[in-house]
Amino acid sequence: MMALEVIQSQAFIEVWSAIRNAGRDALDCVPVMTITDFSCVDERDRPVPRDAIDSSVAFSCPRCAHPMLATLGTDQHGGTPERPARCRKCRFECWIEVDRLTPQTIRLFARSIS
Ligand SMILES: [Zn+2]
C-alpha cells in the first residue's frame, strides 16, 4: 500500500514537470492532485479533524473553530502562504501543503495576523 502511494506521488511529480517544461500555454491543463480522504496534521504533527475531497479540505479554524476551506495549488485559496485562507470570524490565516514524507497526509500551516 505504501509503495503504491509513493509511486502515485512520483507519477504526479513527473506529469507536473512535463507540463511545466512544455511552457505556459500548457498550464491550463495542469492536473489537480486529489487529496480525497487524506489525513491532516498541523505544524506540530497533531491530527486535525477535516473533510478532504478532490483538491480541497474543510477544517475548523485552529483559533476559533469557525469553518474554513483550503484548496491545494499555488493559485488557489489556502494553497500557499502568499494566498492563505483567512478565517471569516477571527481572520486567522491558514494554508495547506502535501506532506511529502508521510503518505496521504496534508499539513496545515497557520499564522496570526495582527
Ligand atoms: Zn478563526
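These numbers were taken from a predicted model, which means no experiment stands behind them. (Residues numbered from 1 in each chain as written. Predicted model: local features only at pLDDT ≥ 70, side-chain atom pairs only at ≥ 80, totals over all residues.)

1. Observations regarding the overall build of the protein chain
Put simply, the rule reads: Counting from the N terminus, the helices are the DSSP runs of H or I reaching at least four residues and the strands are the DSSP runs of E reaching at least two. Counting other C-beta atoms within 10 Å of each residue's C-beta, where C-beta atoms are placed from the backbone, gives the exposure class: buried for 20 or more, exposed for 12 or fewer, partly exposed between. In this description, a residue-residue contact is defined by the distance between C-beta atoms placed from the backbone, which must lie within 7 Å.
Scanning the protein chain from terminus to terminus reveals one helix and seven strands. Taken from N to C terminus, the helices and strands of the protein chain fall in the order α-β-β-β-β-β-β-β. Sorting the 114 residues of the protein chain into buried and exposed places 20% on the buried side. Contacts spanning at least 24 positions in sequence make up 30% of the contacts within the protein chain whose residues lie at least 6 apart.

2. Here's the deal with the nonpolar core
Here is the rule we go by: As used here, a nonpolar core is made of buried Ala, Val, Leu, Ile, Met, Phe, Trp, Tyr and Cys residues. They are joined through C-beta atoms within 7 Å.
In terms of nonpolar packing, the biggest core is built from 17 residues, with C40, V57, M68, A70, I96 and I106 touching the most fellow members. For this core, the secondary structure elements donating two or more residues are β3 (56-60), β4 (67-71), β6 (93-98) and β7 (105-111). Counting residues per element, this core draws most heavily on β6, which supplies three residues. Excluding its chain neighbours within four sequence positions, the residues that come into contact with A70 are S56, V57, H77, G78, G79, A85, C94, W95 and I96.

3. A few points about the sheet that holds strand β5 (residues 85-86)
Stated precisely, the cut-off is as follows: Pairs of strands are assigned from DSSP output, requiring at least two bridges between the strands.
Across the sheet, four strands lie side by side as β1-β7-β6-β5; this open sheet has mixed pairing. The outermost strands of the open sheet, each flanked by one partner alone, are β1 (39-42) and β5. Inspection of the sheet shows β6 paired to β7 by six bridges, in the antiparallel sense. Paired with W95 across the strands is F109, a residue of β7.

4. Some remarks on the pairing of strand β2 (residues 50-53)
Across the two faces of β2 the burial differs, with R50 and A52 buried and D51 and I53 not buried at all. Counted along the chain from β2 to the antiparallel partner β3, the turn is two residues long, and its residue D54 has a positive phi close to 55°.

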